[in-house]
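Structural overview for review
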Amino acid sequence: DPKIIQKPKYLVAVTGSEKILICEQYLGHNAMYWYRQSAKKPLEFMFSYSYQKLMDNQTASSRFQPQSSKKNHLDLQITALKPDDSATYFCASSSGTTNERLFFGHGTKLSVL
Amino acid sequence: GDSVTQTEGLVTLTEGLPVMLNCTYQSTYSPFLFWYVQHLNEAPKLLLKSFTDNKRPEHQGFHATLHKSSSSFHLQKSSAQLSDSALYYCALSDQGTGSKLSFGKGAKLTVSP
């Protein structure tokens, strides 16, 4: 059974629309992350959260907003979608926040038309 | 800032030949280095993590040694197998970044019969 669940697996959106990518982890971890993988920038760090608080944000655009309703949830809301946002978005988690191994979900592949 | 430079692009090998993927890094603090492997249509997963006591981590026949003098953590395997075909990422974390990983650009290893 997957321990990090990302929904949906595939997502097609039109330019200008808004989508939410869902992530839940059942590893009992305290830290969660979002990474983006595209042909231009493999595995690019976006956000890190610890105990539901934002720790680090490397995403320049405010169109990307993480949302943590529970300790084991970290969703990613993307507004005003652009074709350049097309990528696979990986959610990850770790037990602590210092040099810990990351566990990745299977990703949501987003295509913006 | 922290950065990782690794063998990138396409690497093609014949089964049975040795594997060597290079990784060098720049870090402000004493870093931890990782190798992650991503098979086709799967999530990235940890292959190796450096130790603090200069031990050489090994997994599935792969090994890597952290050399602080040369800032390197090269991935090696004595004999490539068909199942080793995958994307390989070198990554770094340190005191300044916590568990946020900085990934290299990735190398796509293809092992042929």
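The structure under discussion appears in the preceding block.
Residues numbered from 1 in each chain as written. Chains lettered and ligands numbered in written order. Predicted model: local features only at pLDDT ≥ 70, side-chain atom pairs only at ≥ 80, totals over all residues. Heavy atoms only, no water.

1. Observations concerning the pattern of salt bridges
Residues and elements named next belong to chain B.
- The full count for this structure, using the stated rule, is three salt bridges over all chains.
- The closest approach of N and O atoms between Asp84 and Lys77, which form a salt bridge, is 2.8 Å.
- For Asp84, a relative accessible area of 5% corresponds to the buried category. (Salt bridge = Lys/Arg side-chain N within 4 Å of Asp/Glu carboxyl O. Buried < 20%, exposed > 50% of the residue type's maximum accessible area, 1.4 Å probe, protein only.)

2. Describing the interface of chain A and chain B
- Contacts between chain A and chain B engage 20 residues on the former and 21 residues on the latter.
- Carbon and sulfur atoms make up 56% of the surface buried where chain A meets chain B, a total of about 1,600 Å² over both sides.
- When the area that chain A buries against chain B is broken down by residue, the three leading residues are Leu43, Asn99 and Phe104 of chain A, summing to 37%.
- Run the count over chain A and chain B and you get zero salt bridges.
- In terms of residue count, strand β4 (residues 31–37) of chain A provides more of the side of chain A that touches chain B than any other element does, three residues in total. (Contact = heavy atoms within 4.5 Å. Buried area = accessible area lost by both parts, 1.4 Å probe. Helix = DSSP H or I, 4+ residues; strand = E, 2+ residues; numbered from the N terminus.)

3. Observations regarding the environment of Val37 of chain B
Residues and elements named next belong to chain B.
- Along the chain, Val37 turns up in strand β5 (residues 32–38).
- The class for Val37 is buried, based on a relative accessible area of 3%.
- Distance in space between the C-alpha atoms of Val37 and Ala91 is 11 Å, their sequence separation being 54 residues.
- Residues in contact with Val37, not counting those within four places in the same chain, are Ala43, Pro44, Lys45, Leu47, Ala86, Leu87 and Tyr88.

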